[in-house]
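Coordinate analysis (summary)
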Amino acid sequence: MTPSPVKKRRSAQEITTIALLAALALIFSYVEAIIPYTPGIPGIKLGVANLVTVLALYKLSAKHAAAVNGVRIFFAGLLFSGVFGMLYSLAGATLSLLGMMLLKKTDLFSMAGVSMAGGVLHNIGQVLVAALLIADLRIVYYLPVLLLSGTLSGLAIGVAAQLIAARLPEVR
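Cut-off values and rules
- Residues numbered from 1 in each chain as written.
- Predicted model: local features only at pLDDT ≥ 70, side-chain atom pairs only at ≥ 80, totals over all residues.
- Heavy atoms only, no water.
- Helix = DSSP H or I, 4+ residues; strand = E, 2+ residues; numbered from the N terminus.
- Rg over C-alpha atoms; globule rule 2.2 N^0.38 Å.
- Buried < 20%, exposed > 50% of the residue type's maximum accessible area, 1.4 Å probe, protein only.
- Contact = heavy atoms within 4.5 Å.
- Areas by Shrake-Rupley, 256 points an atom, 1.4 Å probe, with all protein chains shown as cover.
- Lys, Arg positive; Asp, Glu negative; His and termini not counted.
- Charge placed at Lys NZ, Arg CZ, Asp CG, Glu CD.
- 1 Å grid on protein atoms, 1.4 Å probe; cavity = no way out; pocket = protein on both sides within 12 Å on 5 of 7 lines; lining within 4 Å.
- Points joined across faces, edges and corners; volume = space filled by probe spheres on them.
- Nonpolar A, V, L, I, M, F, W, Y, C, P; charged D, E, K, R; others polar.

Across its full length, the protein chain carries five helices and zero strands. The order of helices and strands in the protein chain, counted from the N terminus, is α-α-α-α-α. For 172 residues, the compact-globule estimate of 2.2 N^0.38 gives 16 Å, and the protein chain sits close to it at 17 Å. Across its three principal directions, the C-alpha atoms of the protein chain cover 55 × 35 × 30 Å. Evaluated residue by residue, the protein chain yields a buried proportion of 35% over its 172 residues. The contacts of the protein chain with a sequence gap of at least 6 include a subset with a gap of at least 24, amounting to 71%. With the model as given, the accessible surface of the protein chain reaches about 10400 Å², and the carbon-plus-sulfur share is 72%. The centroid of the 13 positive side-chain charges in the protein chain is displaced by 10 Å from the centroid of its 5 negative side-chain charges.

A few words now on the layout of surface pockets. A volume near 1000 Å³ is recorded for the largest pocket. Lining the largest pocket we find 46 residues, and of these Gly43, Lys45, Ser89, His122 and Gln126 sit closest to its centre. Within the residue set of the lining of the largest pocket, elements represented by two or more residues are α1 (5-34), α2 (49-59), α3 (62-106), α4 (111-134) and α5 (143-165). Broken down by element, the residue count for the lining of the largest pocket peaks at 15 residues, all from α3. Partitioned by chemical class, the residues of the lining of the largest pocket number 22 nonpolar, 21 polar and three charged.

Next up, the structure:
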């Protein structure tokens, strides 16, 4: 049984939308890759690519947000951060997206609040992977610094996402 022309068009439109959003997130990842770390605090970034994920989650669906994240992480890993960077990003992004999906469903939090939780969960996921890869739990001593940075960057990304989302048209 062949899909109807409407389903084919919708599928092509979804693939195109995911590709465009993933390309935008990849550009943001590149910009962050060329910006030096905060002096004296390694591993802290704003996470601008997550702006695209938050917008996809709210304006499209969790499925779209996951696809955008997956494509971005794969290509950013190949181009900028390597296999280990890909593992850290995948762990952080997966935990972050799952948490944001759950919080969004409750309708108890604003987009900024959901994004803030996503920033914190992203850092937790990365620390867990780091602890496994280096086989040393002392890495968790760095967690308070990362939780603070995840909270602040998640809030900044969430506020920016709210401002952008208010200006975007509704998706049918």
